[in-house]
Amino acid sequence: MLLLLLLVSASCLWLGHSEVVTSFESSCPQFFFRETPPNKALEPENPARICQRYKNQYYFATLYDRNRRIPVYSAYLYQPGPGKRPKTWLVEPQLMGPTYPKTVEREWTLLKYFSVSLEQLSKSQAILQDYKNLTGLNRGHLNPSSHHNDSSSRTATFTLTNIVPQNEKLNGGAWNNYEQQTMIRNTQGCNTTYVIVGAVPGNNYIAKGRVNKPSHIWSSACCEVDTKHRKAWAVIAENDKNEVQLLTLGELEDMLTQLYRRDQVSLFDSDCPRE
């Protein structure tokens, strides 16, 4: 029994931590320009704010839609570097309730050591089974592992709370080109680049209606060149076409306002240029 407890404890320490929090501003504001998250125009009916933490360090923030089982957006600092792509997929126990571990865990760890059933886990979030046997779709990262510079930060992105069903041609084509090529060009001269990547809920679902297939995927960036100069850019893509549309930040916010049909969307503090 003691050996089992030690194994479980070691597993938790190795895998790291995430937290479902009440406020990004008070818990992990560093991933937002001027510590200002997007306004509530994107907020779903049943949201969860997750400070994605791994090995006792925060790596990004995610607003999660519990009902549709997809992230609304993930916010992070762009710090690319070489390294291997992780293979381990993690889930968020705290979406089941605050009594569960503040640790991102493998599904099998929860099932084996924490007396959690797969049905219980699946009520709060997407699970690995939801993304099996997909046709024309794959697991699309909002916060991509390639935009991080060490193994811990890359592994932290491999949680299903950071994944949406994305058109496989888009994910491997035009969207990948944006992530790998356009971002490198656009961030030349930037000291700090704040990124928010999101998904607009669509009318279709996968996994027998469990997980929403977004209608659009979008990304926005606010770059600090120095204390007095900033620049911004954005893109959006329909999730059934291999095309990415380059926009100003203001144009993206206006498009999201039209797509969500709510209040005017604001993704960054007003000091980030909209033109």
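Residues numbered from 1 in each chain as written. Predicted model: local features only at pLDDT ≥ 70, side-chain atom pairs only at ≥ 80, totals over all residues. Heavy atoms only, no water.

Per an unreviewed UniProt entry, the protein chain goes by ENDD1 protein and derives from Bucorvus abyssinicus.

Things to note about the nonpolar core
One recurring pattern in soluble globular proteins is that nonpolar side chains are buried together. Our working definition: To form a nonpolar core, buried Ala, Val, Leu, Ile, Met, Phe, Trp, Tyr and Cys residues must be joined to one another through side-chain atoms within 4.5 Å. Categorising residues by exposure relies on relative accessible area from a 1.4 Å probe, with only protein chains included: less than 20% of the type maximum marks a residue as buried, more than 50% marks it as exposed, and the intermediate range marks it as partly exposed. Segments assigned H or I by DSSP are reported as helices when at least four residues long, segments assigned E as strands when at least two residues long, and all are numbered from the N terminus.
Counting residues in hydrophobic clusters, the biggest one holds 45 residues, and the most contacted among them are Leu 121, Trp 175 and Val 195. Within the residue set of this core, elements represented by two or more residues are strand S2 (47-54), strand S3 (57-65), strand S4 (70-77), strand S6 (163-167), helix H7 (174-186), strand S7 (192-200), strand S10 (216-224) and strand S11 (230-238). When residues in this core are grouped by element, the largest group, four residues, is from H7. Residues Leu 42, Cys 51, Tyr 194 and Leu 247 belong to the second largest nonpolar core, which totals 32 residues.

Quick word on the packing of aromatic side chains
Let me state the cut-off plainly: Centres within 6.5 Å are what make two rings of Phe, Tyr or Trp a pair, Trp counting through its six-membered ring; a difference in plane orientation under 30 degrees is then read as stacked, over 60 as edge-to-face, and the rest as tilted.
One pass over the full model with this rule turns up five aromatic pairs. Relative to Phe 32, the ring of Phe 24 lies with its centre 5.4 Å away and its plane at 40°, an arrangement referred to as tilted. Phe 32 sits in the buried class, given a relative accessible area of 1%. Measuring from ring centre to ring centre gives 6.0 Å for Trp 175 and Tyr 178, while their planes differ by 50°; the resulting arrangement is tilted. Here the residue Trp 175 and the residue Tyr 178 both occupy positions in helix H7, the gap between them amounting to three residues, near one helical turn. Classification of Trp 175 by relative accessible area gives buried; the value is 1%.

Describing the side chain of Glu 92
What counts is decided by this rule: Neither His nor the chain termini are counted; the positive set is Lys and Arg, and the negative set is Asp and Glu. A carboxyl oxygen of Asp or Glu within 4 Å of a side-chain nitrogen of Lys or Arg is what we treat as a salt bridge. Polar contacts, as used here, are pairs of N or O atoms within 3.5 Å; protein pairs need one atom able to donate a hydrogen and one able to accept it. Residues neighboring in sequence count only if both atoms are side-chain atoms.
Mapped onto the elements, Glu 92 comes out in the loop between S4 and helix H3 (107-113). Despite its burial, Glu 92 pairs with no opposite charge; the closest candidate is Arg 66, at 9.1 Å N-O. Separated by 3.1 Å, the side chain of Glu 92 and the backbone nitrogen of Gln 94 make a polar contact.

A few points about the sheet that holds strand S12 (residues 245-247)
To keep it simple, the criterion reads: Only when DSSP finds a minimum of two bridges between them are two strands counted as paired. Each axis is a line fitted through C-alpha atoms, and for a helix only the stretch in contact is used; angles between axes span 0 to 180 degrees, taken between their N-to-C directions. Contact definition: two residues touch when any of their heavy atoms are within 4.5 Å.
With respect to topology, eight strands assemble into an open sheet ordered S1-S2-S3-S4-S7-S10-S11-S12, the strand pairing being antiparallel. Edge positions in the open sheet fall to strand S1 (19-21) and S12, since each of these has one partner strand only. Each neighbouring strand pair of the sheet contributes to a mean axis angle of 20°, computed without reference to strand direction. As paired strands, S2 and S3 are joined by eight bridges and run antiparallel to one another. Note that in S3 the partner of Tyr 54 across the bridge is Gln 57. Against the sheet, H7 makes contact with S7, S10 and S11, and its axis sits at roughly 170° relative to S11, the strand it touches most. Sheet contacts for helix H8 (residues 249-260): S4, S7, S10, S11 and S12; angle to S11, the most-contacted strand, approximately 40°.

Details of the pairing of S2
Taken across its eight residues, S2 has six buried, putting it largely inside the fold. Sheet topology places S1 next to S2; three bridges connect them, and they run antiparallel. Note on S2: the bridge partner recorded for Val 21 is Arg 49. Connecting S2 to the antiparallel partner S3 that follows it, the hairpin turn spans two residues, and Lys 55 within it adopts a positive phi of roughly 50°.

Remarks on H8
Our working rule: Here the expected length of a helix is defined as 1.5 Å per residue gap, with one fewer gap than residues. Each direction from the helix axis to a C-beta atom contributes to the arc, which is the arc of those directions.
Along its twelve residues, H8 runs 16 Å from first to last C-alpha, staying within 8% of the 16 Å computed at 1.5 Å per residue. What H8 keeps buried is the set Leu 249, Gly 250, Leu 252, Glu 253, Leu 256, Thr 257 and Tyr 260. When H8 is viewed along its axis, its buried side chains cluster within an angular range of 160° and face the same direction. Structurally, H8 contributes buried residues whose contacts are with S4, S7, S10, S11 and S12. Residue Arg 261 follows H8 closely and has a positive phi angle near 55°.

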